[in-house]
Amino acid sequence: MRAAVFHEPGRIEVTDVPVPALEPGDVLMRVRAASICGTDLRIMKHGHFKIPAGTPRVLGHEVAGEIAEVGDGVSDYRVGDRVSITPNVGCGHCEMCVQGLNQLCPTYDAFGITLDGGFEEYMRVPSWAIARGNLVPLPDAVPFDKAALMEPAACCLHGQRKIDVGPGDDVLIIGAGPIGCLHTLIAKRRGARRVIVANRRQSRLDIAATMGADVLVNVTDTALHEEIMRLTEGRGVDVVITCVSNPDVIASATDLLARLGRLNVFSGLGDAARPAIDVNALHYRELVMTGTTGASNKDYRDVLDLLGRDDVDLSPIISQRFSVEDIQAAFDHAASGAGMKPLISFEGA
Ligand SMILES: [Zn+2]
Ligand SMILES: [Zn+2]
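Since this is a predicted model, take the numbers as computed values, not measurements.

Quick notes on the rules
- Residues numbered from 1 in each chain as written.
- Chains lettered and ligands numbered in written order.
- Predicted model: local features only at pLDDT ≥ 70, side-chain atom pairs only at ≥ 80, totals over all residues.
- Heavy atoms only, no water.
- Buried < 20%, exposed > 50% of the residue type's maximum accessible area, 1.4 Å probe, protein only.
- Helix = DSSP H or I, 4+ residues; strand = E, 2+ residues; numbered from the N terminus.
- Pairing = 2+ DSSP bridges.
- Axes fitted to C-alpha atoms, helices over the stretch in contact; angles between N-to-C directions.
- Parallel < 35°, antiparallel > 145°, perpendicular 65-115°, else oblique.
- Left-handed = near helix turned anticlockwise from the far one by under 90°.
- Contact = heavy atoms within 4.5 Å.
- Nonpolar A, V, L, I, M, F, W, Y, C, P; charged D, E, K, R; others polar.
- Salt bridge = Lys/Arg side-chain N within 4 Å of Asp/Glu carboxyl O.
- Domains from an automatic or database assignment.
- Buried area = accessible area lost by both parts, 1.4 Å probe.
- Polar contact = N/O pair within 3.5 Å; in protein donor to acceptor, adjacent residues only side chain to side chain.
- Core = buried A, V, L, I, M, F, W, Y, C linked by side-chain atoms within 4.5 Å.
- Disulfide = S-S within 2.5 Å.
- Donors = N, O, S within 2.8 Å, 3.2 Å for Na, K, Ca; no water.
- Tetrahedral: all angles 85-135°; square planar, octahedral: opposite > 155°, others 65-115°.

Draft legend 1. Molecular detail of the pairing of strand β5 (residues 82-85). Residues Arg82 and Ser84 line one face of β5 and the alternating positions Val83 and Ile85 line the opposite face, and both faces are buried. Of the strand pairs in this sheet, strand β4 (residues 62-70) and β5 are connected by three bridges, and their pairing is antiparallel. In the strand pairing of β5, Ala64 is matched with Ser84.

Next comes the structure, spelled out in structure tokens:
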């Protein structure tokens with residue numbers, strides 16, 4: 001079978017490898033769609049502390065497909081079942097895992113990091129990952145392309161749950177890439193009063209509009225702070241979600257919030273970045289500042305329920321499809337920021 005194998009930063013090679021052999025209880029997924037995420041880009045650039053130098057690894061953790069084979073003893077899944085995976089496999093017994101927070105498990109495994117992921121024709125899902133809830137049956141109404149996007153969407157839902165986005169909220173989303181657009185859609189579904197999206201690229205803002213954004217702010221020609229104060233008559237917004245890796249954007253977010261406002265730092269920063277946070281703003285206006293990372297298995301199932309319905313169109317978030325042979329071009333497309341998300345498609349496989 002064909003697989004895109006990451007060898008070291010900057011080097012990914014598409015080669016023939018054996019179809020993974022199953023142990024008892026395992027499942028083999030024929031991958032149909034796998035999208036490229038910021039995490040894949042970061043691994044491609046800098047490697048990952050959980051991928052020791054010299055370890056060949058198939059990346060890709062936003063994956064959907066159908067079961068091609070089941071190992072001995074599997075009775076809950078059948079060949080032909082449509083499934084996707086949640087990437088972070090918790091240990092199952094630490095203080096995070098027992099709360100259902102598998103994404104915070106300190107000794108997690110993850111597809112596309114410690115386990116081979118979805119940029120290959122067939123992917124093995126080990127029995128212990130299935131036992132911990134990481135193999136998810138897909139409703140018939142959810143096509144594979146859309147199912148691949150449920151992983152980043154679950155992370156967005158997790159972030160919005162942390163700051164309880166809901167009716168009555170004016171929500172500002174900074175960044176209109178795939179993540180900002182998924183946040184827009186989810187905030188509207190959760191009943192936000194008004195979703196304001198800020199970005200430099202108009203083409204991305206236009207896609208945010210199709211996801212339900214009420215107000216678009218192009219920050220190349222509009223000062224964000226003044227515009228937010230104008231839109232809210234000097235009050236500020238209830239919620240800010242930062243979806244860009246920029247310390248200045250995070251530092252200035254407190255100025256945009258109303259009293260009792262809530263901030264979610266959704267995008268991480270490079271190791272060196274330490275934004276100067278206005279602690280007096282937190283104190284005197286009783287702001288709440290949070291961050292979130294990843295999503296739990298529960299968030300994933302809930303977002304599938306929220307966005308899996310026929311009427312939610314996520315296709316504008318996928319800007320281009322590539323075959324696995326063209327994975328380098330797909331990574332280049334993702335890194336350029338020119339489009340939205342590239343998808344590795346195995347339709348013809
Ligand atoms: Zn992802
Ligand atoms: Zn754990």
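This is not the end of the story, as more comes after the structure.
Draft legend 2. Looking closely at the packing of helix α5 (residues 178-189) against helix α6 (residues 202-210). Relative to each other, α5 and α6 sit at 25°, their axes nearing to 9 Å. What the angle tells us is that α5 and α6 run roughly parallel. Both α5 and α6 take part in a crossing whose hand is right-handed. Contacts between α5 and α6 involve Pro178, Cys181 and Thr184 from the first element and Arg204, Ile207 and Ala208 from the second. Residues of the contact of α5 with α6, tallied by class, amount to four nonpolar, one polar and one charged.

Draft legend 3. Just the pattern of salt bridges, in detail. This structure, assessed with the given rule, holds 20 salt bridges. The shortest N-O distance in the salt bridge between Glu62 and Lys341 comes to 3.0 Å. Residue Glu62 is found in strand β4, and its partner Lys341 is found in strand β17 (residues 341-345); the two are separated by 279 residues along the sequence. Its relative accessible area of 6% is what places Lys341 among the buried residues. Among the ionic contacts, a cluster of salt bridges with common partners joins Arg161, Lys298, Asp299 and Asp302.

Draft legend 4. Representation of the domain arrangement of the protein chain. Segmenting the protein chain into domains produces domain 1 (2-149 + 314-345) and domain 2 (159-291). Once you take the C-alpha centre of each, domain 1 and domain 2 turn out to be 30 Å apart. Residue-level contacts link 10 residues of domain 1 with 11 residues of domain 2. Broken down residue by residue, the surface that domain 1 buries against domain 2 is led by Pro316, Ile317 and Met340, which jointly contribute 55%. Taken together, the links from domain 1 to domain 2 amount to zero salt bridges. Applying the counting criterion to the domain 1 and domain 2 interface returns two residue pairs in polar contact (both at pLDDT 80 or more). In terms of residue class, the side of domain 1 that touches domain 2 is built from six nonpolar, three polar and one charged.

Draft legend 5. Spotlight on the side chain of Ser267. Position of Ser267 among the secondary structure elements: in the loop between β14 (257-265) and α9 (279-285). By relative accessible area, which is 15% here, Ser267 ends up buried. Ignoring anything within four residues of it in the chain, the contact list for Ser267 reads Thr242, Cys243, Val244, Ser245 and Ile250.

Draft legend 6. Focus on the nonpolar core. Grouped together as the largest cluster of nonpolar side chains are 49 residues, with contacts concentrated most on Val171, Ile186, Val197, Ile241, Val303, Leu307 and Leu314. Contributions of two or more residues to this core are made by α3 (144-148), α4 (150-162), β10 (170-174), α5, β11 (194-199), α6, β13 (237-242) and α10 (297-307). It is α4 that contributes the most residues to this core, six residues altogether. Excluding anything up to four places from it in sequence, Val303 contacts Met150, Ala153, Ala154, Leu157, Ile186 and Gly308.

Draft legend 7. Structural detail: the state of the cysteines. Applying the stated criterion to the full structure yields zero disulfides. Looking at Cys155, it has no disulfide partner, and the nearest cysteine sulfur is the one in Cys156, 6.8 Å off. A residue is classified by how much of its surface remains accessible, and Cys155, at 9% relative accessible area, is buried.

Draft legend 8. Expanded view of the coordination of the zinc ion (ligand 2). Protein coordination at the zinc ion (ligand 2): the donors are Cys91 (SG), Cys94 (SG), Cys97 (SG) and Cys105 (SG), at 2.3 to 2.4 Å from the metal. Around the zinc ion (ligand 2) sit four donor atoms; with metal-centred angles ranging over 106 to 115°, the donor geometry is tetrahedral. Read N to C, the donor residues that coordinate the zinc ion (ligand 2) are spaced as C-x2-C-x2-C-x7-C. The exposure class of Cys91 is buried, given its relative accessible area of 14%.

Draft legend 9. Structural detail: the coordination of the zinc ion (ligand 1). In this structure, Cys37 (SG), His61 (NE2), Glu62 (OE) and Glu151 (OE) serve as the protein donors to the zinc ion (ligand 1), at separations of 2.2 to 2.6 Å. Of note is the zinc ion (ligand 1), whose four donor atoms meet at the metal with angles of 87 to 168° in an arrangement that counts as irregular. Sequence spacing of the donor residues for the zinc ion (ligand 1), all on one chain, is C-x23-H-E-x88-E. Here Glu151 lies in helix α4 and His61 lies in the loop between α1 (38-46) and β4, a separation of 90 residues in the sequence. We classify His61 as buried; its relative accessible area is 8%. You can call Glu151 buried: its relative accessible area is 9%.

Draft legend 10. Expanded view of the environment of Val237. Tracing the backbone through its elements, the reader meets Val237 in strand β13. Judged by its relative accessible area of 0%, Val237 falls in the buried class. With 19 residues separating them in the primary sequence, Val237 and Leu256 have C-alpha atoms 6.3 Å apart. In contact with Val237, not counting residues within four places along its chain, are Asp170, Leu172, Ile196, Ile228, Thr232, Leu256, Leu257 and Ala258.

Draft legend 11. Expanded view of the pairing of strand β12 (residues 215-218). As paired elements, β11 and β12 share four bridges and run parallel to each other. Within β12, the residue paired with Val197 across the bridge is Leu216.

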